[in-house]
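# A structural walkthrough
Below are the chains, spelled out letter by letter.
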Amino acid sequence: MEIRLSRNRRSFLLQVNGDQSEELTEQQQLRRAIRQRVYNFVKTGVFLVFWLFFTILISISSPIEPHEVLIPLRSQEEQTVSLLNLYNESTGISVTIEPNPIDTTQGIIFGFLLLSFLYTLIILDITDRTFAAILTATAAIGVLSLMNSRPHLHTIISWIDMETLMLLFGMMVMVGILSDTGVFDYLSVFAYQLSRGKIWFLIFYLCMFTGFLSAFLDNVTMVLLMVPVTIRLCEILRLKTILVLISIAIFSNIGGTLTPVGDPPNVIIATNPFVSANGIEFLNFTLHMFPGVMVSNLLAYLMLYLMGRNKLVATNEAGLLRSIRSLEKQLNDNKNNQNIRSRIDELKDRLKNEHGEKSTDFHETLADMKEKYRIKDKVLLIKCCICFGFAICMFFLHSFPFMSGINLCWAAMLGALLLIILADKPNFKSILKRVEWSTLIFFASLFIFMESLVEMGLIDWVGELTISVILSVEKNYQLAVAILLVLWVSALTSAFVDNIPITTMMLKVSLLNLYNESTGMSVTIEPNPIDTTQGIIFGFLLLSFLYTLMMLDITDRTFAAILTATAAIGVLSLMNSRPHLETIISWIDVETLMLLFGMMVMVGILSDTGVFDYVSVFAYQLSRGKIWFLIFYLCMFTGFLSAFFDNVSMVLLMVPVTIRLCEILRLNTIFVVISIAIFANIGGTLTPVGDPPNVITATNFFVSANGIHFLNFTLHMFPGVMVSNLLAFLMLYLMGRNNLVASNEAGLLRSIRSLEKQLNSNNQNIRKRIDELKDRLKYEIGENSKNFQETLADMKEKCRIKDKTLLIKCCICFGFAICMFFFHSFPFMPGMKICWAAMLGALLLIILADKPYFDFILKRVDWSTLIFFASLFIFVESLVKMGLIDWVGESTISVILSVEKNYQLAVAILLVLWVSALTSAFVDNIPITTMMLKVTINLATNSDLALPLPPLIWALSFVKLRHVYAMPGSRPGPCRGLSLGPGPGLGLSNKGRADQVLNVAQGCQKRVRQKQITFS
């Protein structure tokens, strides 16, 4: 029996495959295959219509610019309006109030169709729920564009409830680390120990443990963590596994209802600002839910007992004996039938297993389970308990006025941060892999979709209908009617549709009648609320702390950025200028993250085709076996592809086959890998999408507003990239011409002769070492004797294109994205920014690739890099608030003003170029670029200097090319200082990502050698 648990709809899909399977004829199989093909074709066609609809509308429409403010008159609270002037000049303010900018009749129809489409996709499980939410949210933005109300990207991001996502993220991180301790397996064994082997006591304890923990942890995660040992217990006690798992799932859902953090719908409700503003906190939420949860527990257990008391035990001895006797009668009639005889033997073995399992006593089973499922790391478990205790205490203390600043999301994030510090995990990426990114993206997409429905007028229309129904009854019964409507409408729809979108929509409807009164607006302008003297000192200390962590590689760079960004917000709070969460989110350059995310998704799918391995073999074919021609082609291919893909991903994808080629040709592997890394960095400099610092620069609002777009960026960088390619290859040739070939035959022969002299009859270690060296010598001679054609044929056989159809689809999608990058430069496509081009290309590829598991695609995304960027944006904006960036800019301006007018631009370019280059030689250049971009914009907007921005941007973008010639050599030791990370350039920084590439190189090289020795 096989049991599969699916998390597609945050509910449990249990599929049981019995011993007998349905046998289909060839005609039936053909019909089924045809139906499946037609179904896939229609599904893909519908998705493409949605994609094309959004692409056209997003291209031809212009969004409401960030300086335009829309103030909805639907809140009783005071409205706070933040106005940012990027040009440092005085400006007038005009406020235009447009109560109803959209034709709600059309909006309601479009909204209803989109909502029905989303529910259809989820109910029929046509595609992954996350992809369904992304698709419908994208289509909703397209509809708003069609109705001349396209929202700006910052507006779209403001629709996302970041408190919900932060709370879920923090809890996921803590649960992920806690699962490493083995405590969940231990709890199942402890439940078995308490039950003394009695079945219904065991189920009771399992359900109670799961329900209690689900009140504070994610309920689906709790079930999946409790499942493995529970299934083993069911096998031992001969219980029906499905019934036990369903029991655990039921109590997990009931327990998750108890608190605001136990279930995602509760999280959505409790983190809503209007809900929390009306006094609904963690404590009173839990107290109000407690009686209902207790009654539900009692009724659920009673129902399970009545339904399962006669069905729980899954013994099958009688059935097996009947089957054996029946088959023995058939065997007497046909004694030569080996199939019947083998089937009888199989059933007898199963019968023995039945007797054997039942003969195992309680104490023996308990001892065996305790041995297998013990606590793996007691110290880590104590640390986890401390951090969970801290977070839960903060949840409760949030209910009291003196701790009103600690929201649920901040409590979860601080608990996760504390646990990461105490756990001291060396690999931060392994922690992020435990996060369920598909769920977070699903939530974000739903928030955007529901706010789009609000803009279309559908939610208002549903609310007005609900209000009219409530008003139709007497005043005394209106509250009861409202409660029944909310309860039963939500319950009935949730029986067919995932309850997360239902909760999101019903929460909007429930709060709608509270926004019906007009409100005034007050604008308060506070020019400089912070003491900049203290702010500059604090900012300098934090910046030095971040650079120290990264230079000395004390911790993961992402965690270092998160830590310093959190500390910076703490400093702002200390200086009585704590930013609101929405303000913090607005500091993040979402365009940069969208562009990186879209390219990562496309590269991840493209890597499944095997094209990068094929490119390396093609380079070998073009070189005709000549070493320097091979290195030239490898470097050129890598550099060209890095202009449009992430350069580190390109290196890591090209490394495995490159190492194999180096093994065959007896080349210095590290030298060749470094050569590829250098040209990947140079190639990434060419375009705004080839390197993360270029992405940061090109997606900046002020930079794009000054006419710097994909086309002129590429044209200005092209000459420098070509010259750098030429000089870099010349440098590599001069450095490697005498030490590129790594043959070691003579040294091996000398070692063998020396060891043979030392050999005596009893020394097995020396004999073993001699045999190992002889194997290596055979490998050397064998590999060197291979000719070019034989090697090429062997490589082509191993490194062929795995999926040509998928490769064609990838080429179409990448071609579309690159065309949109260039079209963005022309005025007839004002709405097609490069971030939208990348996202639309990724969406198109997901539709065409038709991958069944969306989670698998998201696992290819480098979430660590995206979080690193987001943390840096927050940190740098905090430094702006503290006054450090302005102080650096004023100091730079004073230096520039000290020279003559004719030389000021040249001095500014040299300062930007060399300050960035020197600091990037020691620190990852992503934070350098983020900070220097702010300084550069300050220089360009200063009225005394009046410097043009484009030359300063070219100087900042050319910084990375200066690091190429500082390469310390091709030996592994010096190489460990090379930056091969997302920061472009080969500065002496970011050792972690350098080690990543070098470890891949050395590990692959070792495995290839071991396999070849064994084969010889």
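Predicted, not measured: the structure shown is a model, and the values here were computed from it. (Residues numbered from 1 in each chain as written. Predicted model: local features only at pLDDT ≥ 70, side-chain atom pairs only at ≥ 80, totals over all residues. Heavy atoms only, no water.)

### Description of the overall build of the protein
Let me state the cut-off plainly: Going along the chain from the N terminus, every DSSP run of H or I of four or more residues is numbered as a helix, and every run of E of two or more is numbered as a strand. Partly exposed describes any residue whose relative accessible area lies between the buried limit of under 20% and the exposed limit of over 50%, with all areas from a 1.4 Å probe on protein chains only and scaled to the type maximum. Here the accessible surface of atoms and residues is derived via Shrake-Rupley with a 1.4 Å probe, and residues count as covered only by protein chains that are part of the display.
A count of helices and strands for the protein gives 46 helices and two strands. Considering the protein as a whole, with its 1016 residues, one finds that 51% of them fall into the buried category. Accessible surface, the protein as shown: approximately 48400 Å² in total, 61% of it carbon and sulfur.

### So, the nonpolar core
Definition in use: The nonpolar core is taken to be a set of buried Ala, Val, Leu, Ile, Met, Phe, Trp, Tyr and Cys residues, with the residues joined through side-chain atoms within 4.5 Å. Contact definition: two residues touch when any of their heavy atoms are within 4.5 Å.
Within the largest apolar cluster, 288 residues are counted, with the highest numbers of intra-cluster contacts made by Phe 395, Phe 645 and Phe 821. If we ignore the near neighbours within four places in the chain, the residues touching Phe 395 are Leu 167, Met 171, Val 261, Phe 282, Leu 408, Ala 411 and Ala 412.

### Points about the side chain of Thr 127
Positionally, Thr 127 belongs in the loop between helix 2 (104-123) and helix 3 (129-146). Assessed through its relative accessible area of 16%, Thr 127 is described here as buried. With residues up to four places along the chain from it excluded, the contact list for Thr 127 reads Phe 47, Leu 121 and Ala 132.

### Regarding helix 3
For clarity, the cut-off: What a helix is expected to span follows from its residue count: subtract one and scale by 1.5 Å. Contacts described as polar in this section are N or O atom pairs within 3.5 Å, which, within protein, must combine one atom able to donate a hydrogen with one able to accept it, while residues neighboring in sequence count only if both atoms come from side chains.
Along its 18 residues, helix 3 runs 25 Å from first to last C-alpha, staying within 8% of the 26 Å computed at 1.5 Å per residue. Of all 18 residues in helix 3, 17 are buried; the element is thus mostly enclosed. For helix 3, the N-terminal cap is Asp 128; the gap from its side-chain oxygen to the backbone nitrogen of Thr 130 is 2.8 Å. Looking one or two places after helix 3, you find Asn 148, whose phi comes out positive at around 60 degrees.

### Here we look at the packing of helix 6 (residues 183-195) against helix 8 (residues 219-237)
A pair of packed helices is characterised by two quantities: the angle between their axes and the separation of those axes. Quick note on the threshold: Lines are fitted to the C-alpha atoms to define the axes, a helix being fitted only along its stretch in contact, and any angle between axes, read from their N-to-C directions, falls within 0 to 180 degrees. To sort the angles, those under 35 degrees are grouped as roughly parallel, those over 145 as roughly antiparallel, those from 65 to 115 as roughly perpendicular, and the leftovers as oblique. Here a crossing is taken to be left-handed if its near helix is turned anticlockwise relative to the far helix by less than a right angle, and right-handed if that turn runs clockwise. Under the convention adopted here, Pro, Cys and the residues Ala, Val, Leu, Ile, Met, Phe, Trp and Tyr are nonpolar, Asp, Glu, Lys and Arg are charged, and Gly plus all remaining residues are polar.
Axis separation between helix 6 and helix 8 bottoms out at 8 Å; the angle between their running directions is 40 degrees. Accordingly, the angle class assigned to the pair helix 6 and helix 8 is oblique. The way helix 6 lies across helix 8 gives a crossing that is right-handed. Seen from helix 6, the contacting residues are Phe 184, Asp 185, Ser 188, Val 189 and Tyr 192; seen from helix 8, they are Met 222, Leu 225, Met 226, Val 229, Thr 230, Leu 233 and Leu 237. Looking at the contact of helix 6 with helix 8 residue by residue, the class counts come to nine nonpolar, two polar and one charged.

### Section: the side chain of Ser 252
Position of Ser 252 relative to the elements: it lies in helix 9 (residues 241-256). A distance of 3.0 Å separates a polar atom in the side chain of Ser 252 from a polar atom in the side chain of Ser 214. The contact partners of Ser 252, leaving out residues within four places of it in the chain, are Thr 210, Ser 214, Asn 219, Val 220 and Val 223.

### Structural notes on helix 30 (residues 669-684)
Given 3.6 residues per turn, any residue in an α-helix points the same way as the ones three and four places further on. Compared with an ideal rise of 1.5 Å per residue, which puts 16 residues at 22 Å, helix 30 spans 22 Å between its outermost C-alpha atoms and is within 8% of the ideal. The buried fraction of helix 30 is high, at 16 of 16 residues.

### Some remarks on the confidence of the model for the protein
In plain terms, the rule: Predictor confidence is given residue by residue as pLDDT, running from a minimum of 0 to a maximum of 100.
Averaged over all residues, the pLDDT of the protein equals 76, while 78% of them reach at least 70. Within the model, the stretch residues 1-22 combines pLDDT values under 50 with 55 contacts to residues more than four positions away or in other chains.

### Here's the deal with the packing of helix 37 (residues 804-823) against helix 38 (residues 834-849)
Following both chains from N to C, one finds helix 37 and helix 38 inclined at 165 degrees, their axes separated by 9 Å at the closest point. Compared by their axis directions, helix 37 and helix 38 come out roughly antiparallel. The way helix 37 lies across helix 38 gives a crossing that is right-handed. The segment helix 37 lies against helix 38, with Leu 806, Lys 809, Cys 810, Cys 813, Phe 816, Ala 817, Met 820 and Phe 821 engaging Ile 834, Ala 837, Ala 838, Leu 840, Gly 841, Leu 844, Leu 845, Leu 848 and Ala 849. Among the residues forming the contact of helix 37 with helix 38, the class breakdown is 15 nonpolar, one polar and one charged.

### Some remarks on the pattern of salt bridges
Test applied: By salt bridge we mean one thing: a side-chain nitrogen of Lys or Arg within 4 Å of a carboxyl oxygen of Asp or Glu.
In total, this model carries eight salt bridges according to the counting rule given. Lys 429 is the salt-bridge partner of Asp 862, the closest N and O atoms lying 3.7 Å from each other. Of the two residues, Asp 862 is situated in the loop between helix 39 (854-858) and helix 40 (863-882) and Lys 429 in helix 18 (residues 428-432); the sequence distance between them amounts to 433 residues. A residue is classified by how much of its surface remains accessible, and Lys 429, at 24% relative accessible area, is partly exposed. Close ionic contact of Arg 860 with Asp 608 constitutes a salt bridge, the shortest N to O distance being 2.5 Å. Of this pair, Arg 860 sits in the loop between helix 39 and helix 40 while Asp 608 sits in the loop between helix 26 (590-606) and helix 27 (611-623), and the two are 252 residues apart along the sequence. Since its relative accessible area comes to 22%, Asp 608 is described here as partly exposed.

### Things to note about the packing of aromatic side chains
Applied cut-off: Under the pairing criterion, centres of Phe, Tyr and Trp rings, with the six-membered ring standing for Trp, must be within 6.5 Å; the plane angle then separates stacked pairs below 30 degrees from edge-to-face pairs above 60, leaving the rest tilted.
Overall, the coordinates contain 30 aromatic pairs when judged by the stated rule. When the centroid spacing of 5.8 Å and the interplanar angle of 45 degrees are considered together, the rings of Phe 169 and Trp 437 count as tilted. Highlighted residues: Phe 169 in helix 5 (residues 162-179) and Trp 437 in helix 19 (residues 437-456), separated in sequence by 268 residues. Given a relative accessible area of 16%, Phe 169 falls into the buried group. On the numbers, 5.8 Å between centres and 70 degrees between planes, the contact of Phe 640 with Phe 644 is edge-to-face. The class of Phe 644 is buried, set by a relative accessible area of 15%. A network of ring pairs unites the aromatic residues Tyr 614, Phe 618, Trp 628, Phe 632, Tyr 633, Phe 637, Phe 679, Phe 729 and Tyr 733 as a single cluster.

### Here's the deal with unusual backbone geometry
Not every positive phi belongs to a glycine, and Asp 125 is a case in point at roughly 55 degrees. Relative to the helices and strands, Asp 125 is located in the loop between helix 2 and helix 3. Judged by its relative accessible area of 32%, Asp 125 falls in the partly exposed class. At Asp 553, a residue that is not glycine, the phi angle is positive and equals roughly 55 degrees. Within the fold, Asp 553 resides in the loop between helix 23 (532-551) and helix 24 (557-574).

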